[in-house]
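Results of the structural survey
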Amino acid sequence: MKLDLLAMAAHPDDVELSCGGTMLKMAEAGYATGIVDLTRGEMGTRGDVETRRREAAAAARWLRVRHRESLGLPDAHLAADQRSKLAVARVIRTLRPRCVILPYWEARHPDHYTASRLGYEGCFLAGLKRLQLEGEPYRPFKILYSTAYARVRPTFVVDITKQFERRSKAIASYGSQFRPPAGARKTKVHLAIDRLTEEMELLARYYGEMIGVQYGEPFVVKELMQVEDVVALPVRSI
Ligand SMILES: [Zn+2]
């Protein structure tokens, strides 16, 4: 397999919530895209592993990703240890993505910032020729960090206005997380989906506003951005 773009995050639904629109947009542009969930989200308060697996597969269809898998690393105890790094390196050698999206390296949830470091170090290891690991050495060319939840200024924002509806459907696939079971009273769980929908719309509007479009998703890159054509640069200045 040879992917153009791979998004890697700690829990099923992290990718949908942080960069689902971008994944869909790239798939619609003809790129081969994929998602790797580091854990199965087995420590989540709601939904068992099998339910979450089915929900993740349904969400992947909304986002038109070609490949999705879970590495089954321990939820809530994600660690950038040797075993986990090799698991990431192995999947990088198998999927050979040119570009990888990771979570931003600072976060409230320890799994989220650990996923960032684990993803980076796994990508690095994958390229080492003398590493004792099956598969051809391979290193992605580009790493983007999704900053949807980090209060940092993004390096760039992707316009996801056309993808917003479908991204919402992908997020809604996670019924066990955000929707109450049938017949349940209107409790805290019911509020979760309303609040989430509102929050996701607000965030996407906020970042969209930054580039003068309706909805956007933010990213940071550690390198500088290179520009070929200054005349064709988007985003109005005045
Ligand atoms: Zn998460």
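Residues numbered from 1 in each chain as written. Predicted model: local features only at pLDDT ≥ 70, side-chain atom pairs only at ≥ 80, totals over all residues. Heavy atoms only, no water.

**Thoughts on the sheet that holds strand β4 (residues 99-103)**
Operational definition: Only strands that DSSP links by at least two bridges are regarded as paired with each other. By definition, any uninterrupted DSSP run of H or I lasting at least four residues is a helix, any uninterrupted run of E lasting at least two residues is a strand, and each is numbered from the N terminus. Helix axes are fitted to C-alpha atoms over the stretch in contact, other axes to C-alpha atoms as well, and angles between N-to-C directions run from 0 to 180 degrees.
Judged by pairing direction, the sheet is mixed, and its seven strands sit side by side in the order β3-β2-β1-β4-β5-β7-β6 without closing on themselves. The two strands at the open ends of the sheet, each matched to only one other strand, are β3 (67-73) and β6 (156-159). Averaged over all adjacent pairs, the angle separating strand axes in this sheet is 30°, with direction ignored. Across five bridges, the pairing between β4 and strand β5 (residues 142-146) is parallel. Bridge pairing in β5 links Leu102 to Tyr145.

**Quick look at the coordination of the zinc ion**
Cut-off, in case you're wondering: Because no water is among the atoms considered, metal sites can look incomplete, with donors defined as N, O and S atoms within 2.8 Å of the metal, or 3.2 Å for Na, K and Ca. Irregular is the default label, applied whenever a site is not tetrahedral (four donors, all angles between 85 and 135 degrees) and neither square planar nor octahedral (four or six donors, opposite donors over 155 degrees apart, all other angles between 65 and 115). Buried means the residue's accessible area, taken with a 1.4 Å probe over protein chains only, is under 20% of the maximum for its type, while exposed means over 50%, and partly exposed covers the values in between.
Only His11 (ND1), Asp14 (OD), Asp14 (OD) and His112 (NE2) from the protein reach the zinc ion as donors, at distances of 2.1 to 2.6 Å. Of note is the zinc ion, whose four donor atoms meet at the metal with angles of 55 to 126° in an arrangement that counts as irregular. If you list the donors of the zinc ion from N- to C-terminus, the spacing comes out as H-x2-D-x97-H. With Asp14 in helix α1 (residues 14-28) and His112 in helix α4 (residues 110-126), this pair connects stretches of sequence that are 98 residues apart. Exposure remark for Asp14: the relative accessible area of 12% places this residue in the buried category.

**Observations regarding the packing of helix α3 (residues 82-95) against α4**
Any two packed helices are characterised by how steeply their axes cross, that is the angle between the axes, and by the distance between the axes. Put simply, the rule is: An angle below 35 degrees is treated as roughly parallel, one above 145 as roughly antiparallel, one from 65 to 115 as roughly perpendicular, and anything else as oblique. Crossing chirality is assigned from the near helix's rotation relative to the far helix, an anticlockwise turn below a right angle marking it left-handed and a clockwise turn marking it right-handed. Any two residues whose heavy atoms approach within 4.5 Å are treated as being in contact. All amino acids are sorted into three groups, where Ala, Val, Leu, Ile, Met, Phe, Trp, Tyr, Cys and Pro are nonpolar, Asp, Glu, Lys and Arg are charged, and the leftover types, Gly among them, are polar.
Running from N to C, α3 and α4 cross one another at 60°; their axes reach a closest spacing of 7 Å. By the criterion of interaxial angle, the relationship of α3 to α4 is oblique. As for how α3 packs across α4, the hand of that crossing is right-handed. Across the interface between the two elements, Ser84, Lys85, Leu86, Val88, Ala89, Ile92 and Arg93 from α3 touch Leu118, Gly119, Glu121, Gly122, Cys123, Leu125 and Ala126 from α4. Of the residues in the contact of α3 with α4, the class split is eight nonpolar, three polar and three charged.

**Comments concerning helix α5 (residues 164-172)**
To keep it simple, the criterion reads: Here, the arc refers to the directions that run from the helix axis to the C-beta atoms.
Buried within α5 we find Phe164, Arg167, Ala170 and Ile171. Summarising the axial view, the buried residues of α5 lie within an arc of 115°, below the 170-degree limit, and thus occupy one face.

**Focus: the environment of Ala148**
Turning to its location among the elements, Ala148 is positioned in the loop between β5 and β6. Given the relative accessible area of 5%, Ala148 is considered buried. As a C-alpha pair, Ala148 and Cys19 span 129 residues in sequence and 7.8 Å in three-dimensional space. In this view, Ala148 contacts Ser18, Leu203, Tyr207 and Pro218; residues no more than four positions away in its chain are not counted.

**Details of a nonpolar patch on the surface**
Going by this rule: Patch criteria: residues need more than 30% relative accessible area and no salt bridge. Like-charged residues are merged within 9 Å; nonpolar side chains of Val, Leu, Ile, Met, Phe, Trp and Tyr are merged within 5 Å. Per-residue and other accessible areas follow the Shrake-Rupley method at a 1.4 Å probe size, with only the shown protein chains counted as cover for residues. When a carboxyl oxygen of Asp or Glu lies within 4 Å of a side-chain nitrogen of Lys or Arg, that pair is called a salt bridge.
Together, Val227, Val230, Val231 and Leu233 make up an exposed nonpolar region whose accessible area comes to about 420 Å². With respect to the element layout, Val227 can be found in the segment after β7 (216-220).

**Structural notes on the pairing of β3**
Let me state the cut-off plainly: When the strands point away from the viewer and the path from the first strand over the helix to the second turns clockwise, the crossover is right-handed.
Of the pairings in the sheet, the one linking strand β2 (residues 33-39) to β3 comprises five bridges and is parallel in character. Bridging from a neighbouring strand, Asp37 pairs with Ser70 of β3. Where the polypeptide runs from β2 across helix α2 (residues 49-62) and back to β3, its parallel neighbour, the crossover connection is right-handed.

**Things to note about α3**
Let me state the cut-off plainly: Multiply 1.5 Å by the residue count of a helix minus one, and that product is the helix's expected span.
With 14 residues, α3 extends 20 Å from end C-alpha to end C-alpha; this agrees with the ideal 20 Å at 1.5 Å per step. Counting buried residues along α3, ten of its 14 residues qualify, which places the element largely inside the surrounding structure. Where α3 is buried, its residues touch β1 (5-9), β2, β3, β4 and α4.

**A closer look at the side chain of Arg52**
Note on placement: Arg52 falls in helix α2. Dropping the residues within four chain positions of it, Arg52 is found in contact with Pro12, Asp13, Arg40, Gly41, Gly44, Arg46, Gly47, Tyr174, Ser176 and Gln177.

**Describing the pattern of salt bridges**
Opposite charge on two side chains allows them to pair when their charged atoms are near. In total, this model carries twelve salt bridges according to the counting rule given. A single network of salt bridges, built from pairs that share partners, joins Glu16, Asp37 and Arg68.

**Section: the side chain of Glu217**
Applicable threshold: Polar contact criterion, stated in full: a pair of N or O atoms within 3.5 Å, where within protein one must be able to donate a hydrogen and the other to accept it, and residues adjacent in sequence count only if both atoms are side-chain atoms.
You can see Glu217 is positioned in strand β7. We classify Glu217 as buried; its relative accessible area is 1%. A distance of 2.8 Å separates a polar side-chain atom of Glu217 from the backbone nitrogen of Gly21. Setting aside its immediate chain neighbours within four residues, Glu217 contacts Ser18, Cys19, Gly20, Gly21, Thr22, Phe156, Val157, Val158, Ile160 and Arg167.

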